[in-house]
Amino acid sequence: MAEKVLAATQIGSKKIEVRQYLMPEISADDALVKMEIAGICGSDIGSYAQYPGEPRITGHENVGFIAKIGGDAARRWGVKEGDRVVVEQYLPCGNCRWCRIGEYRLCDQTDKLPGRTILRYGNTPVSVSPSLWGGFSQYLYLPANAIVHKVPAHVPAKEAALFVSLANGMQWAYLQGGAAPGKTVVIQGPGQMGLSSVVASKEAGAACIIVSGLAKDENRFQVARKLGAHYTVNVEQENLTERVKEITGGHGADVVVNVSRGGQDTVREALEIAAKIGTIVLAGPGNQQIPSKGFGRKLVTMKWVQGSSFTAFELGLQVMASGRYPLGGISTHQFDLNHVNEAIRSFSGEEGTAGEVIHASIVPQT
Ligand SMILES: [Zn+2]
Ligand SMILES: [Zn+2]
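Residues numbered from 1 in each chain as written. Chains lettered and ligands numbered in written order. Predicted model: local features only at pLDDT ≥ 70, side-chain atom pairs only at ≥ 80, totals over all residues. Heavy atoms only, no water.

**Observations regarding the domain arrangement of the protein**
Part 1 of the argument: Each assigned domain of the protein is listed here: domain 1 (4–162 + 330–362) and domain 2 (168–304).
Part 2 of the argument: Domain 1 and domain 2 are separated by 30 Å when their C-alpha centres are compared.
Part 3 of the argument: Each side of the interface is counted separately: domain 1 has 14 residues, and domain 2 has 11 residues.
Part 4 of the argument: Of the roughly 950 Å² buried between domain 1 and domain 2 on both sides combined, carbon and sulfur atoms contribute 54%.
Part 5 of the argument: Between domain 1 and domain 2 we count 0 salt bridges in total.
Part 6 of the argument: The tally of links from domain 1 across to domain 2 stands at 2 residue pairs in polar contact (both at pLDDT 80 or more).
Part 7 of the argument: The residue inventory of the side of domain 1 that touches domain 2, partitioned by class, reads 8 nonpolar, 3 polar and 3 charged. (Domains from an automatic or database assignment. Contact = heavy atoms within 4.5 Å. Buried area = accessible area lost by both parts, 1.4 Å probe. Salt bridge = Lys/Arg side-chain N within 4 Å of Asp/Glu carboxyl O. Polar contact = N/O pair within 3.5 Å; in protein donor to acceptor, adjacent residues only side chain to side chain. Nonpolar A, V, L, I, M, F, W, Y, C, P; charged D, E, K, R; others polar.)

See below:
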């Protein structure tokens, strides 16, 4: 009898159940990863509620060991059976304009577009052979166009599960935001992306890192300070604009990273606190109006960003491997394959856990 694979499969809105799949055959140019741990992303909360209509295995922050690999794939990726890897969420075409300039995360093939079947981990339906397109599963399938990075063995699994967050921090605060020596960086929102932006800003040498959030974020503020934030501001108690002015002697923020995932006013706030020359990176501001008046004479660049580049993944993995940051403080909760519903609900705060769960992961082999 062929070997079976267990995988947490979304079969409806807020409905995930463990189903069995066939272990795929591997040819010369593909591979199979035995999953070690898979992080839950902020975007998983939204897609958990909005079922796309076809069953799919969730999980796109995937860490594991190469279990089987074809000869061509092994040469292409420079890995062998037993190597520990992370797999980017993207499955790009390799040929379009965006792929050709290295910005493959924008490739149509790996994007959610109407009328197309998306090829992207955690999103591709199980009807696309061989079904194993999500990391909340014992095994993950790697086609020839998968993007693989090695992870050193000494990194604890729960820290390795942060590789997407750390890549996003590097992309948004450093590569797009321009965090650098002498700069003041304000990070709106102390979730996993905000805390990873603290790490990236610190690593980039930023002189002053300020993190804002709500009263319920007190635990997260503590983690932020341990990671290198200089100030934390509870916007329910203090006025962020006044506080940033005070801290910077009136200069303001050279870089603002908005990962607030909501709020009514965080974009207006970002425009207020931006220095006369500043960059605002909108990486998850929720759904709010962008005001265009009343901010004085400024030269502000606003960037709308999406995901991470190959460079950002590599930078994030280097920081992780360095052991310089207490990343364990971000990775707070782990669940097994039978508790994916609970994991996503607790991460979203539905289980009365708001502020407590910063980053949760699924450990599929337990
Ligand atoms: Zn994600
Ligand atoms: Zn492409």
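**Quick look at the sheet that holds strand S13 (residues 274–282)**
Part 1 of the argument: Reading across from one edge, S11-S10-S9-S12-S13-S14 is the order of the 6 strands in this open sheet, with parallel pairing throughout. Two strands bound the open sheet, and with one partner strand each, they are strand S11 (231–234) and strand S14 (299–304). For this sheet the average axis-to-axis angle between neighbouring strands, irrespective of direction, equals 15°.
Part 2 of the argument: Against the sheet, helix H7 (residues 218–227) touches strand S10 (208–213) and S11, its axis set at about 165° to S11.
Part 3 of the argument: Helix H9 (residues 266–273) rests against strand S9 (184–188), strand S12 (253–258), S13 and S14 of the sheet, and its axis sits at about 150° to S13. (Pairing = 2+ DSSP bridges. Helix = DSSP H or I, 4+ residues; strand = E, 2+ residues; numbered from the N terminus. Axes fitted to C-alpha atoms, helices over the stretch in contact; angles between N-to-C directions.)

**Points about the coordination of the zinc ion (ligand 2)**
Part 1 of the argument: Looking at the zinc ion (ligand 2), the protein donor atoms are Cys93 (SG), Cys96 (SG), Cys99 (SG) and Cys107 (SG), and they sit 2.3 to 2.4 Å from it.
Part 2 of the argument: Note that the zinc ion (ligand 2) binds 4 donor atoms; their angles at the metal cover 105 to 114°, and the shape is tetrahedral.
Part 3 of the argument: Between the donor residues of the zinc ion (ligand 2), the gaps in sequence give the motif C-x2-C-x2-C-x7-C.
Part 4 of the argument: On the accessibility criterion, Cys93 (30% relative accessible area) is partly exposed.
Part 5 of the argument: Cys99 gets classed as buried once you look at its relative accessible area, which sits at 12%. (Donors = N, O, S within 2.8 Å, 3.2 Å for Na, K, Ca; no water. Tetrahedral: all angles 85-135°; square planar, octahedral: opposite > 155°, others 65-115°. Buried < 20%, exposed > 50% of the residue type's maximum accessible area, 1.4 Å probe, protein only.)

**Some thoughts on the side chain of Asp83**
Part 1 of the argument: Position of Asp83 relative to the elements: it lies in the loop between helix H2 (71–77) and strand S6 (84–87).
Part 2 of the argument: At 3.0 Å, the side chain of Asp83 forms a polar contact with the backbone nitrogen of Lys80.
Part 3 of the argument: What Asp83 contacts, discounting residues up to four positions off in sequence, is Gly64, Phe65, Ile66, Gly78 and Lys150.

**Some words on the sheet that holds strand S2 (residues 15–22)**
Within a sheet, adjacent strands bond to each other through the backbone by hydrogen bonds, running parallel or antiparallel.
Part 1 of the argument: The antiparallel open sheet is built from 3 strands, whose spatial order is S2-S1-S4. With one partner strand each, in any of the chains shown, S2 and strand S4 (56–57) form the two edges of the open sheet.
Part 2 of the argument: Sheet topology places strand S1 (residues 4–12) next to S2; 8 bridges connect them, and they run antiparallel. Pairing of Leu6 across the sheet is with Gln20, part of S2.
Part 3 of the argument: Packed onto the sheet, helix H1 (residues 42–49) meets S1, S2 and S4 and runs at close to 65° relative to S1.

**Concerning the nonpolar core**
The nonpolar side chains of a soluble globular protein tend to be buried with one another.
Part 1 of the argument: In terms of nonpolar packing, the biggest core is built from 52 residues, with Leu227, Met320 and Leu327 touching the most fellow members.
Part 2 of the argument: Mapped by element, the contributors of at least two residues to this core are helix H5 (163–176), S9, helix H6 (192–203), S10, H7, S12 and helix H10 (310–322).
Part 3 of the argument: No other element matches the 7 residues that H5 contributes to this core.
Part 4 of the argument: Both domain 1 (4–162 + 330–362) and domain 2 (168–304) contribute no fewer than three residues apiece to this core.
Part 5 of the argument: Contacts of Met320, omitting those with residues within four sequence positions, involve Val151, Val155, Glu159, Ala160, Leu162, Phe163, Leu166 and Leu327.
Part 6 of the argument: Listed in part, the 43 residues of the second largest apolar core include Ile16, Tyr141, Val340 and Ala343. (Core = buried A, V, L, I, M, F, W, Y, C linked by side-chain atoms within 4.5 Å.)

**Some remarks on the environment of Ile209**
Part 1 of the argument: Relative to the helices and strands, Ile209 resides in strand S10.
Part 2 of the argument: Excluding residues within four positions of it along the chain, Ile209 makes contact with Val185, Ile187, Val198, Ser201, Lys202, Gly228, Ala229, His230 and Tyr231.

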